[in-house]
Amino acid sequence: DLGGHPHYMAKEIQEQPESVERIIRGRLDDRFGVARLDGLNLTPRELRGFARVKILGCGSAYYVGQIGATMIEELARIPADAEAASEFRYRNPIIEADTLYIAVSQSGETIDTAFAVEEIKRKGGRVVGLVNVVGSTIARACEGGVYLHAGPEIAVASTKALTNMAVGFALIALALGRVRDLSNADGQRIIDAIRALPGQIKSILDFEPEIAEHAKTVAAAKSLFFVGRVRGYPVAREGAQKFKEISYRHAEAYQTSELKHGPLALIDEELPTVAVVPRDELTERNLAAVQQIKARGGAVLAVTHEGVDFGELGVPRIVVPKTEPELDPILLTIPLQLLAYHAALTLGYDIDKPRNLAKSVTVE
Ligand code: BG6
């Protein structure tokens, strides 16, 4: 049931304020500034004992895993990284007893992720899930987890499930942080910010007509760059992924910091860049990169915050509400969903069922 929306993707994008409400409901504990995640089946002592976190997922879930790894490093100060489960399962990964493995999947049926989970379990590792579909293969295989409660997702291009994955990682980062050095006050700061997310997402969705206009310009390019750094890099990767999936445009994600080490050679009038430029400790560095792109004749569309001063650069902007810096990626990702959606709409492609793709890849 499309409920009056033209596509499932449009419906699922619009559902995000409510689906985020669902993942946080009952999980925020104001008294202690912590997330209550009983489903993880981990005692505080066990949570305290992990020396590393390894996140595994495929496609967009992998990119959100990278957002999650950064959140965990920032809030809990535990070394964390994300890896494509499709690679992990085919190499001979080193499984460590003091690593917390997190498998992330909307469907819970992606075979590469499911096999990664089996490999971890076979070697005695502790693996929990961040999964949407209750009772799915991956959810059952994991020893505990956090359900996303995003509701059914039909469109092949994932939106609301991804947003709930990112919020789920914020909850896990909070839980890991509060058994370490994250103070009650800092925990409360994150809790307040998480609570504000649904309203902030709604305000981004209100800008859809403007984003649709930007999409028309962007869709005209045959090839484009998406750039970001640190917190913004996985946002750029996911933005480029959506573009490839439904707009069939060559979209390449790059670390903004790496542009000058090679790909800057490609920049000209024909190759526009979507730049993620949050207001944070790296704003000046990001603006310098935007300047370098502009100086070579490249068009830039910035996904940014109020208060970032682009001066005379003449850069069109999509302005996203500010949250706590650690949570910025959650909101920065939302306009990129709309950008890909409207680009595909402009180009006349089958948005809900892009060619060559399945909602979940369950066979070898
Ligand atoms: C890919 C889908 O095959 O699997 C992507 O095309 C999806 O859209 C990825 O992000 C992972 O799927 P899941 O269900 O494990 O999150």
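To keep things clear, this report deals only with the structure shown in the data block. In this text, all values refer to a predicted model and were calculated from it rather than measured experimentally.

**Overview of the layout of surface pockets**
Then step 1. Size it by volume and the largest pocket reaches roughly 500 Å³.
Then step 2. Those elements giving two or more residues to the lining of the largest pocket turn out to be helix H4 (60–76), strand S5 (99–105), helix H6 (111–122), helix H8 (160–178) and helix H11 (232–247).
Then step 3. Per element, the largest residue contribution to the lining of the largest pocket is three residues, and it comes from H6.
Then step 4. A per-class count over the lining of the largest pocket returns twelve nonpolar, twelve polar and four charged.

**What to know about the site of the ligand**
Then step 1. Surrounding the ligand, one finds Cys 58, Ser 60, Ala 61, Ser 105, Gln 106, Ser 107, Thr 110, Val 156, Glu 245, Ala 358, Lys 359 and Val 361.
Then step 2. Note that an oxygen atom of the ligand is positioned 2.6 Å from one of the side-chain N or O atoms of Ser 105.
Then step 3. Thr 110 places a side-chain nitrogen or oxygen 2.5 Å from an oxygen atom of the ligand.
Then step 4. Taken by itself the ligand offers 390 Å² of open surface, and the protein chains cover 91% of this.
Then step 5. Assessed atom by atom at 2 Å from the grid points, the ligand resides in the largest pocket.
Then step 6. In terms of residue class, the shell around the ligand is built from five nonpolar, five polar and two charged.

**Concerning the sheet that holds strand S6 (residues 126–131)**
Then step 1. Read from one edge of the open sheet, five strands run S4-S3-S5-S6-S7, paired in parallel fashion. Strand pairing shows two members of the sheet lacking a second neighbour, strand S4 (80–84) and strand S7 (145–147), which therefore form its edges. Averaged over all pairs of adjacent strands, the angle between their axes in this sheet comes to 20 degrees, without regard to strand direction.
Then step 2. Bridging between strand S3 (residues 52–57) and S5 involves five bridges; their strand directions are parallel. Opposite Ile 55, over in S5, you have Ile 102 as the bridge partner.
Then step 3. Across the sheet, H4 lies against S3, S4 and S5, angled at about 170 degrees from S4, the strand it touches most.
Then step 4. Where H8 meets the sheet, its contacts fall on S3, S5, S6 and S7, and the angle it forms with S5 comes to roughly 165 degrees.

**Some words on empty space enclosed by the protein**
Then step 1. Within this structure, the stated rule accounts for one cavity of 30 Å³ or more.
Then step 2. Roughly 60 Å³ of volume is contained in the largest cavity.
Then step 3. Together, Val 64, Ile 67, Thr 159, Leu 162, Thr 163, Ala 166, Pro 329, Ile 330, Thr 333 and Gln 337 line the largest cavity.
Then step 4. Listing elements by their share of the lining of the largest cavity, those giving two or more residues are H4, H8 and helix H13 (328–347).

**Describing the pairing of strand S8 (residues 223–228)**
Then step 1. With six of six residues buried, S8 lies mostly within the body of the structure.
Then step 2. Burial along S8 is two-sided: the residues Ser 223, Phe 225 and Val 227 and Leu 224, Phe 226 and Gly 228 are all buried.
Then step 3. Note that S8 and strand S9 (residues 250–255) share six bridges and pair parallel. Residue pairing across strands places Ser 223 opposite His 250, the latter belonging to S9.

What counts and what doesn't
Residues numbered from 1 in each chain as written. Predicted model: local features only at pLDDT ≥ 70, side-chain atom pairs only at ≥ 80, totals over all residues. Heavy atoms only, no water. 1 Å grid on protein atoms, 1.4 Å probe; cavity = no way out; pocket = protein on both sides within 12 Å on 5 of 7 lines; lining within 4 Å. Points joined across faces, edges and corners; volume = space filled by probe spheres on them. Helix = DSSP H or I, 4+ residues; strand = E, 2+ residues; numbered from the N terminus. Nonpolar A, V, L, I, M, F, W, Y, C, P; charged D, E, K, R; others polar. Near = heavy atom within 4 Å. Polar contact = N/O pair within 3.5 Å; in protein donor to acceptor, adjacent residues only side chain to side chain. Areas by Shrake-Rupley, 256 points an atom, 1.4 Å probe, with all protein chains shown as cover. Sits in = over half its atoms within 2 Å of the grid points. Pairing = 2+ DSSP bridges. Axes fitted to C-alpha atoms, helices over the stretch in contact; angles between N-to-C directions. Contact = heavy atoms within 4.5 Å. Buried < 20%, exposed > 50% of the residue type's maximum accessible area, 1.4 Å probe, protein only.

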